[in-house]
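# Structure assessment
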Amino acid sequence: FTNKVCLLLYRDYNIKMTILYRLTNQESLRDLTEDLLAIKSIGIEVESVTCDGRANIIKAVREVYPEAIIQRCIFHIANEICNWLTKKPKSEAARELRELVCYLCRINYHEDALLWMRAFIDWHTKYEEYINEKSVDQESGKWWYTHKMLHRSTSHIKRAIPNMFNYTRYPNIPKTSNSIESFFGHLKDHLRLH
């Protein structure tokens, strides 16, 4: 929330029930691990976690439930990248990546996921030099990626790929965290009214 209050909420997707929540100031590894240990201590076994992919969440799950399947929220991935690339990207590479990313939420089957990954690899191969192009300040010698947001988007996808399409192999895993986001929606409405 805007006042630096963070609500950590653990919700069962199948029974639509909140298991645990905590108010804190950030999603710290310590808090997340502590919460997952509390959930485990009451006998709840976690088979999968659908999350936005923040490193602390993944580390905590790996520590407490090493067998659990991590699913990156497809909507979060697509939304982040579309925001970074803007609605009307200037370069052909960015336009093509945006089009590819916009297709992510429509993938429901493992074969489609494999085709998408093949298309991403082909796109990356085609534009790799452009993506990694660097600009250098002649005086200081400092450099940066010339196409920063395109590079960021590509890196984001590459980090997410191992946990992007688990839902296509395990049908009980939700592909987005939208059910929890809609749950937050009414809380935010109440907070605004308050």
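Remember, predicted model here, so these are calculated numbers, not experimental data. (Residues numbered from 1 in each chain as written. Predicted model: local features only at pLDDT ≥ 70, side-chain atom pairs only at ≥ 80, totals over all residues. Heavy atoms only, no water.)

## Brief notes about the packing of helix α1 (residues 29–41) against helix α2 (residues 55–64)
Contact pair α1 / α2: the axes reach a minimum separation of 9 Å and the direction vectors enclose 35°. Judged by the sense of rotation from one axis to the other, the crossing of α1 with α2 is right-handed. Contacts between α1 and α2 involve Leu29, Leu32, Thr33, Leu36, Leu37 and Lys40 from the first element and Asn56, Ile57, Lys59, Ala60, Val61, Glu63 and Val64 from the second. In terms of residue class, the contact of α1 with α2 is made up of eight nonpolar, two polar and three charged. (Axes fitted to C-alpha atoms, helices over the stretch in contact; angles between N-to-C directions. Helix = DSSP H or I, 4+ residues; strand = E, 2+ residues; numbered from the N terminus. Left-handed = near helix turned anticlockwise from the far one by under 90°. Contact = heavy atoms within 4.5 Å. Nonpolar A, V, L, I, M, F, W, Y, C, P; charged D, E, K, R; others polar.)

## Here's the deal with the packing of helix α4 (residues 92–102) against helix α6 (residues 148–160)
Orientation of α4 relative to α6, taken along the N-to-C sense of each, is 35°, at an axis distance of 11 Å. Crossing hand, α4 versus α6: left-handed. Contacts between α4 and α6 pair Ala93, Ala94, Leu97 and Val101 from the former with Leu150, Ser153, Thr154 and Ile157 from the latter. Of the residues belonging to the contact of α4 with α6, the class tally is six nonpolar, two polar and no charged.

## Section: unusual backbone geometry
With phi around 55°, Lys16 is a residue other than glycine that occupies positive phi space. With respect to the helices, strands and loops of the structure, Lys16 is situated in the loop between β1 (6–12) and β2 (17–24). For Thr86, which is not a glycine, the phi torsion comes out positive at approximately 70°.

## A closer look at the pairing of strand β3 (residues 48–51)
Residues of β3 alternate between two faces, with Val49 and Cys51 buried on one and Ser48 and Thr50 left unburied on the opposite face. Bridge analysis of β3 against strand β4 (residues 69–72) gives four bridges, and the strand direction is parallel. Considered in β4, the bridge of Ser48 is made with Ile69. Note that the unit made of β3, α2 and β4 has a crossover that is right-handed. (Buried < 20%, exposed > 50% of the residue type's maximum accessible area, 1.4 Å probe, protein only. Pairing = 2+ DSSP bridges. Right-handed = clockwise from strand over helix to strand, strands pointing away.)

## Quick look at α1
Here α1 is 13 residues long and its end C-alpha atoms lie 18 Å apart, about the 18 Å a rise of 1.5 Å per residue gives. Taken together, the buried positions of α1 are occupied by Asp31, Leu32, Thr33, Asp35, Leu36 and Ile39. Buried positions along α1 lie against β1, β2 and α2. In the stretch just after α1, Gly43 is the one whose phi turns positive, near 90°. (Expected span 1.5 Å × (residues − 1).)

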